[in-house]
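# Summary of structural features
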Amino acid sequence: MADINVLEKEAHLSDHGDHHDDHHGDKYQSSFVDRYVFSQDHKTIAKQFLITGMMWAVIGSAMSIIFRIQLGYPDADISWLQPLLGGWIQIDPLTGVGKLDPQFYYALVTMHGTILVFFVLTAGLSGTFSNLLIPLQCGARDMASPMLNMLSYWFFFLAGAVLFISLFLNTGPFSGGWTGYPPLSGLPQASDGSKAGATLWILSLVFFVVSVLLGGINYITTVINMRTKGMHMFRLPLTIWAFLVTAILGLLSFPVLASGFFMLTFDRVLGTSFFLNEIFVAGEALTTRVGGSAILYQHLFWFLGHPEVYIIILPAMGLVSEVLSVHSRKPIFGYKAMVFSILAIGVLSFLVWAHHMYMTGMNPFIANIFILFTLIIAVPSAVKVFNWIATIWGGNIRINSASLFSIGFVSMFISGGLTGIFLGNAAIDIQQHDTYFVVAHFHIVMGVAAFFGMFAGIYHWFPRLYGRFMNETLGKIHFWGTIVGAYAIFGPMHYLGMAGVPRRYYSFAGFDSFSEFASMNEFITIAAIVTFAFQILFVVNFFYSMYKGKKQTEMNPWKATSLEWTAPVDCGHGNWEGEIPQVHRWPYDFGRHGRDFIPQTEPLAEGEVDGGH
Amino acid sequence: MEMVARQNKIRRIHPKKFALWISMLSMIMLFSAFTSAYIVQKAAGDWLQFPLPVEFFYSTGVILACSLFLHMAYKSFVNKNYLYYQLFWSVGLFLALLFVALQYQGWLHLNEWEIFVHTNQSSSFFVMLVGAHALHVLGGIAALMTSWILAFRKNTKEWSDKGQLRLELTCTYWHFVDVLWLYLLAFLWFQQ
Ligand code: HEM
Ligand SMILES: [Cu+2]
């Protein structure tokens, strides 16, 4: 993957020739269904990913509010939630007090994790922006295979539908955590959520894997093969580099998750024991299920799981790099270093998975190897942080929603990355593992940071999507509410974790040592509710602006250099009328030769050296 | 789709071919995951050894022959030898189906020895590997069938560049599952 020479060669291969075709006549895209439902236009598919992702984000976050109420107010009467949750609220016949069913609490936590990690931050983020920007920024009329691209969305949709149905099962949705560890997930008799709920959870994620693979194959093929004339690899915006490496990571790691799921299904259905050994269920030994290893599943899961967190964060990094550079009116600092950091992160992300498993009794010498690689991955991450800061340093930054969220991203990534370095050391992790410290770490570095990248991307590219702008005032309110709220939620969790409060507990009533944290938990819950309200503000702004926002009047409103702003505001399928523009320079020519910006399409002057080199 | 085919003429590698190659990477990852898990679990002990039934060796010959015939069919197509193309492709399809049948026979053979999927880790893994491979083969057979049906249509549109590309992709995929089977067989053989 890191073999730049090959990529460069590819670049020259594809440097010649135009793509002239008459695709934007679009004779087969006339009916409503073709245009808006089974569309093969990458721009429409991007919107489909985005809207579906947003819908899931609202559902998934609402779930977190429900279980946060349980954690913050364990004694409260929540019978008012009964109309929504029905039987999952148990009402005490004597007192009339309604409580959340513990089983459902676990289901909520599991669904929240699955939905946010896979449906929102993978499909909603990389699906949306890879689709929107790869063809537009590379200079292609569409993806290599628009058909597979459409299928990728519909498999994602199917995955969502299956998971959604599982919410209404009698025995409830899967409740074994987003990581789905066996034996809980491997034995239907292990818990209610491990029955049909687990089956549908696995099915849903298998569909999801198919979606990611179809999408990824397309993204890679398009970036490598379909760039416009002059667009060699080192003239690609960092967004595209990020999407490319993301897709490669997905292509190599999701099949491994699939292998784990197949084996899990065998265990569940065919009575095999890949992951089972010496299990007792309800006091009874399962004597025929021996010889397997639950740890094996963890290896397979985290071999995907760790690259997956970079699959989530790399696109956000790409978006942020682009937004910061455009709005600072400065070239991105250290373009090549950024590219190599992305590649290094990509390679290293396959070598660190066991840092999630220090507590499985692994050999400490092996743990040391994983500590080493885990700490090494902090180097390219730090390079990127340094470069972002250097990019805005002394820049003439425009403060708007997009740039604020990008700066917020950098802040979040620093805060969360720092705690990662603690966790990466096995000696410290022995204390922190499975506590709220981990919850704080990954929510800040992945959850919030990736959301910030996504928000930055949405505010910035909203005109490209809908030909209008989002409301700036609401956007800024959204930003400040979110960044303050997010730190208020996850900051205190570090403290809880260091005090040893374990994650995934329904109630701490039985633990005297944790009773002093009741007020802190209450504070976190309030912060979560307030922050959630700010996200509703975003959703309102989004849909309002779609129809009523300020109209985009000029083609290139941000005065950016890249190709997506050279296509007409309301371009149809095929993007450019007439020929696809050619590219003559790298995408970060800001403030060069005393000019504010020079678009990529402008030929190099006599004797001028391209900026990227 | 049209657009892709048109761009093809100016590229050395067709985007679809490229896409097929990289999707193979992800299949390789799937099977490496299976076989690594196999090695780890075997090392952990409690492992039942059993010999490979002879059907799996017959099937190996069959799938190799199948690849050969498909290749000859493709060459005939390129040389516009349509009769041979139809003939070889049909033989190829027959051999592909025979391969699946033989794999299944091999499995029944194991059952006769009282070896079932849940008997031991070793048999579970065996089914997993052979089964996952068979699924990939079935995908290939679906593609072979499509081309086979098209091959007997008198519609001349079929004898086009587009048809040739489809055959090429199908053959490439088939050679891939062929090599994959050789790998699995060698793997199982050395693990015995
Ligand atoms: C500086 C780099 C980082 C280091 C050294 C690091 C280290 C770690 C370690 C050691 C754990 C395991 C903690 C435990 O379970 O005891 C962990 C958990 C986690 N990290 Fe990081 N991390 C880093 C960056 C990231 C990034 C960038 C993301 C995502 C974008 C991320 C997402 C996660 C997630 C999701 C988990 C927890 C998964 C779970 O158990 O449910 N980390 N991290
Ligand atoms: Cu990790």
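Going by the structure above, here's the rest.
These notes cover the structure that comes with them. Everything numeric in this text was worked out from a predicted model, so none of it was measured.

## Here's the deal with the overall build of chain A
Each helix and strand in chain A was counted, giving 16 helices and four strands. Against the globule reference of 25 Å for 613 residues, chain A gives a C-alpha radius of gyration of 25 Å, in line with a compact fold. Reported as C-alpha extents along the three principal axes, the dimensions of chain A are approximately 80 × 50 × 50 Å. Counting every position in chain A, which comprises 613 residues, the buried fraction comes to 62%. A fraction of 78% describes how many contacts in chain A between residues 6 or more apart in sequence connect residues 24 or more apart.

## Re the coordination of the iron atom of ligand 1
All names here are of chain A. Counting protein donors to the iron atom of ligand 1 gives just one, His441 (NE2), placed at 2.1 Å. A separation of 4.5 Å is found between the iron atom of ligand 1 and the copper ion (ligand 2). Of note, His441 is situated in helix H14 (residues 436-466).

## A few points about the coordination of the copper ion (ligand 2)
The protein atoms that coordinate the copper ion (ligand 2) are His306(A) (ND1), His355(A) (NE2) and His356(A) (NE2), at distances of 1.8 to 2.1 Å. Judged by relative accessible area, His355(A) falls into the buried class, the value being 15%.

## Let's talk about helix H3 (residues 55-78) of chain B
Here H3(B) contains 24 residues, and its C-alpha end-to-end distance of 34 Å stays within 8% of the 34 Å for a straight helix at 1.5 Å per residue. Just downstream of H3(B), Lys80(B) is the residue with a positive phi angle, here 60 degrees.

## Things to note about unusual backbone geometry
Residues and elements named next belong to chain A. A cis amide bond links Pro182 with the next residue in sequence, Pro183, at an omega value of 5 degrees. Within the secondary structure, Pro183 sits in the loop between helix H6 (146-166) and helix H7 (196-225). A positive phi angle, close to 45 degrees, is found at Glu278, a residue other than glycine. Within the fold, Glu278 resides in the loop between helix H8 (238-269) and strand E3 (280-281). Here the phi dihedral of Ala282 falls at roughly 50 degrees; this positive angle occurs in a residue that is not glycine. Judged by its relative accessible area of 83%, Ala282 falls in the exposed class.

About the cut-offs
Residues numbered from 1 in each chain as written. Chains lettered and ligands numbered in written order. Predicted model: local features only at pLDDT ≥ 70, side-chain atom pairs only at ≥ 80, totals over all residues. Heavy atoms only, no water. Helix = DSSP H or I, 4+ residues; strand = E, 2+ residues; numbered from the N terminus. Rg over C-alpha atoms; globule rule 2.2 N^0.38 Å. Buried < 20%, exposed > 50% of the residue type's maximum accessible area, 1.4 Å probe, protein only. Contact = heavy atoms within 4.5 Å. Donors = N, O, S within 2.8 Å, 3.2 Å for Na, K, Ca; no water. Expected span 1.5 Å × (residues − 1).

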